Amino acid sequence: MGQTIKERLLRILPYFLIGLIVFLAVTFATECSFAFRMNVWNDVNCFYTVAYAMKNGAVLYRDIYEQKGLYLYAIHILAIYMAPAGSYIGMYFIELICGFIFAYFSYKTFRLFDFSKRKAALSTMAVVLFLYISFAFYLGDSAEELAVPMYAFSLYTLLKKAKKNEDIPYYSLVISGVLAGILFLIKFTLISFYVGFGIIYFIWKIKDKEVGQAFIAAGFFIAGFILASVPCLIYFASNGALNDLWTVYFYDNIFFYSNRSNMNIFLQLLASLGTYFMHTGFGWPYFVSMIFALVYVIITKKIKGNRVFSGIIATFASISLLMIIGRVHYSYYGIPFAIYGFTGILCLNDLSIKKEKIGAFLSKFKKPISAVSFALMAVISFAGAMPEVFKREEDLVPFRFKKIIMEEENPTILNYGFLDMGLYYICQVPPTCKYFTGLNSVDPKIEEGQQNSIDNGLTTFVVSVNKEPMNIYNHYELVSTEQYKIRLVDDTYYLYRLKGLH
């Protein structure tokens, strides 16, 4: 007999709830969503400014200077085309897709470990909230957030091999190679996961005495990586900017991005470890899950010969190692660890099966426990965002500055000495100075390029934060001063206009 309507609804209910949780979590976690007037995070506005400049003909690195990779800006160009002028909602749609993909492979991972559909759905909802309530997520639209669904796919293929001893299909290896190439050209440190992924899979093949297959698998992965790299190389070669790609994306990032180069090795190590533990704190929901899983596996002596464990540890360790070597700390660096949020839930499930009292307690109170847990996580996630949801354009300093800027015909703008506040994008004014904003870099040519613009009065407006630029009054006059608080940071912003316009 066919299923009744009620049975069909019950069958799709878990998937509906997962989708609903992703929708709500992303909507209130990222300030790119329709719930916010703009994303005030400086990094996001840098991405949008560069994408907008490229859309208007600028060549990355040659004509406009920023530190991330081509594919990050390509994604933001796509987001710009998907949204009205000056709107961030295009990226919101992309973040939703990322959230759904992450949830899908999290669900498949739970099913891989014999969770029922309902239990897998509830567990997936928890893992999704782990990501979006964490302080590491910050305001959304980080490069690390884009890595999460890609890592989730590849981790699932690796764990499937470990659990069922089925080879990863060649097409999946090619896909993982493509994803590794894309991430390498978004932010090259994000390739760290795939270092562990490749090494552990190669080791497994060697242990299984499949040496030839190990090298063939590596070949397919590398082919995918090369495939992802070709469009990037064509873009820079066709624009005569291959040297700019090397200089800005690799050399400058390696030698100018960290400001600890003068420390001795011991202090650098301490700083790196401190940075790493800070990342774990920002991502506390999934790190609690991971720590519980690690303790449980050690206590139950399930380490030896456990390929699931070795696959997780290999990829986790490779991410951690590159993060520690990097020596720079920002809250969002810990986001990729969200892919391991399922580990504690797996171990808790195993414990409940083996310990009858614990299993009986969880079974008896699973509904209230689930309800209270989801309610608490939702409150944590949404409460911080709610004050920002109700802000109007007149409450936001960039829009108050925009009103002044757009009084001039064909205005140009320079952000001096600080990260982008979003004026280029919301005013729809492409930057005319290659060094359009201050960056987290000690490279002297950034400040020199900006100072040259001010000394020669090359832009209509200049914006600075907490300080007056040198020689600013030679060509400019102060027209507005604003206190602007972004979450916990309160700064003073100055808007200068070229003399003689009014």
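Being a predicted model, the structure only gives us computed values, none of them experimental. (Residues numbered from 1 in each chain as written. Predicted model: local features only at pLDDT ≥ 70, side-chain atom pairs only at ≥ 80, totals over all residues. Heavy atoms only, no water.)

Asks: Just checking my understanding: could you explain the packing of aromatic side chains for this structure?
Replies: Two aromatic rings are characterised by how far apart their centres lie and by the angle between their planes. Throughout the structure, instances matching the rule amount to 48 aromatic pairs. Between Tyr48 and Tyr425, the ring centres sit 4.6 Å apart and the planes meet at 35°, which makes this aromatic pair tilted. Pair noted here: Tyr48 is in helix α2 (residues 42-55) and Tyr425 is in helix α19 (residues 423-427), with a separation of 377 residues, a long-range link. Each member of the pair Tyr48 and Tyr425 is classed as buried. (Phe/Tyr/Trp six-rings, centres within 6.5 Å; stacked < 30°, edge-to-face > 60°. Helix = DSSP H or I, 4+ residues; strand = E, 2+ residues; numbered from the N terminus. Buried < 20%, exposed > 50% of the residue type's maximum accessible area, 1.4 Å probe, protein only.)

Asks: How should helix α4 (residues 89-112) be read in this particular structure?
Replies: Each α-helix winds once per 3.6 residues, and so residues spaced three or four apart point in a common direction. For α4, spanning 24 residues, the distance from its first C-alpha to its last is 35 Å, which sits close to the expected 34 Å at 1.5 Å a residue. Most of α4 is tucked away: 17 of the 24 residues are buried. (Expected span 1.5 Å × (residues − 1).)

Asks: What should I look at first to understand unusual backbone geometry in this one?
Replies: Comment: phi is negative for the bulk of residues other than glycine, and the bulk of peptide bonds are trans. For Lys209, which is not glycine, the phi torsion reads 60° and is therefore positive. Counting through the fold element by element, Lys209 comes out in the loop between α8 (192-207) and α9 (211-238). The class of Lys209 is exposed, set by a relative accessible area of 76%. A positive phi is found at Asn471, a non-glycine position, where the angle reads about 60°. Mapped onto the secondary structure, Asn471 falls in the loop between β2 (461-465) and β3 (476-486).

Asks: Even after reading the chapter, I still don't get the pattern of salt bridges, so can you show me in this structure?
Replies: Close approach of charged atoms allows side chains of opposite charge to pair. Scanning the entire structure with this criterion turns up 14 salt bridges. Asp208 serves as the salt-bridge partner of Arg307, at 3.0 Å between the closest nitrogen and oxygen. Of this pair, Arg307 sits in helix α13 (residues 307-326) while Asp208 is found in the loop between α8 and α9, placing the two residues 99 residues apart along the sequence. Notably, a salt bridge pairs Lys445 with Asp443, separated by 2.4 Å at the nearest N-O pair. In this structure, a network of salt bridges that share partners links the residues Lys161, Asp167, Lys205, Asp208, Glu210 and Arg307. (Salt bridge = Lys/Arg side-chain N within 4 Å of Asp/Glu carboxyl O.)

Asks: What should I look at first to understand the sheet that holds β2 in this one?
Replies: Where strands meet in a sheet, backbone hydrogen bonds hold them as pairs that are either parallel or antiparallel. The four strands lie next to each other as β1-β2-β4-β3, forming an open sheet whose pairing is mixed. With one partner strand each, in any of the chains shown, β1 (413-416) and β3 form the two edges of the open sheet. With strand direction ignored, the average angle separating the axes of adjacent strands in the sheet is 20°. Relative to strand β4 (residues 489-498), β3 is paired through 10 bridges, and the arrangement is antiparallel. (Pairing = 2+ DSSP bridges. Axes fitted to C-alpha atoms, helices over the stretch in contact; angles between N-to-C directions.)

Asks: Could you clarify how one ought to interpret helix α18 (residues 397-405) in this entry?
Replies: Along α18, the positions that sit buried rather than exposed are Val397, Pro398, Phe399, Phe401, Ile404 and Ile405. Buried-residue contacts for α18 involve β1, α19, β2, β3 and β4. (Contact = heavy atoms within 4.5 Å.)

Asks: Would you explain the nonpolar core in this entry?
Replies: Looking at soluble globular proteins, one finds that nonpolar side chains tend to be buried together. One finds Tyr194 and Tyr340 to be the most contacted residues of the largest nonpolar core, which totals 157 residues. Counting residues per element, this core draws most heavily on helix α6 (residues 143-164), at 13 residues. In terms of nonpolar packing, the next biggest core, distinct from the first, is built from six residues, Tyr296, Val297, Cys347 and Leu351 among them. (Core = buried A, V, L, I, M, F, W, Y, C linked by side-chain atoms within 4.5 Å.)

Asks: I would appreciate a short explanation of the confidence of the model for the protein chain in the present structure.
Replies: Close reading of the predicted structure is inappropriate where its pLDDT is low. Chain-level statistics for the protein chain give a pLDDT mean of 86 and a share of 85% at 70 or above. Taken element by element, the protein chain is modelled with least confidence in helix α15 (residues 356-364), mean pLDDT 57, and with most confidence in helix α3 (residues 70-81), mean pLDDT 97. (pLDDT = per-residue confidence, 0-100.)

Asks: Help me understand the side chain of Gln450, please; the structure alone is not making it clear to me.
Replies: Structurally, the position occupied by Gln450 is in helix α20 (residues 444-455). Side-chain polar atoms of Gln450 contact the backbone nitrogen of Gly417, separated by 2.8 Å. Once residues within four sequence positions are removed from consideration, Gln450 is found in contact with Leu414, Asn415, Tyr416, Gly417, Tyr435, Phe436, Thr437 and Gly438. (Polar contact = N/O pair within 3.5 Å; in protein donor to acceptor, adjacent residues only side chain to side chain.)

Asks: Explain the packing of α4 against helix α5 (residues 117-133) to me, please; I cannot follow it from the model alone.
Replies: The relative placement of two packed helices is expressed as an angle between their axes plus a distance between the axes. Between α4 and α5, the least distance of the axes is 9 Å, while the angle of their chain directions is 135°. When the axes of α4 and α5 are compared, the pair comes out oblique. Where α4 crosses over α5, the two elements pack in a sense that is right-handed. Listed contacts from α5 to Glu95, Gly99, Phe102, Ala103, Ser106, Tyr107, Phe110 and Arg111 of α4 are Lys117, Ala120, Ala121, Ser123, Thr124, Val127, Val128, Leu131 and Tyr132. Classifying every residue of the contact of α4 with α5 by side-chain character gives 10 nonpolar, four polar and three charged. (Parallel < 35°, antiparallel > 145°, perpendicular 65-115°, else oblique. Left-handed = near helix turned anticlockwise from the far one by under 90°. Nonpolar A, V, L, I, M, F, W, Y, C, P; charged D, E, K, R; others polar.)

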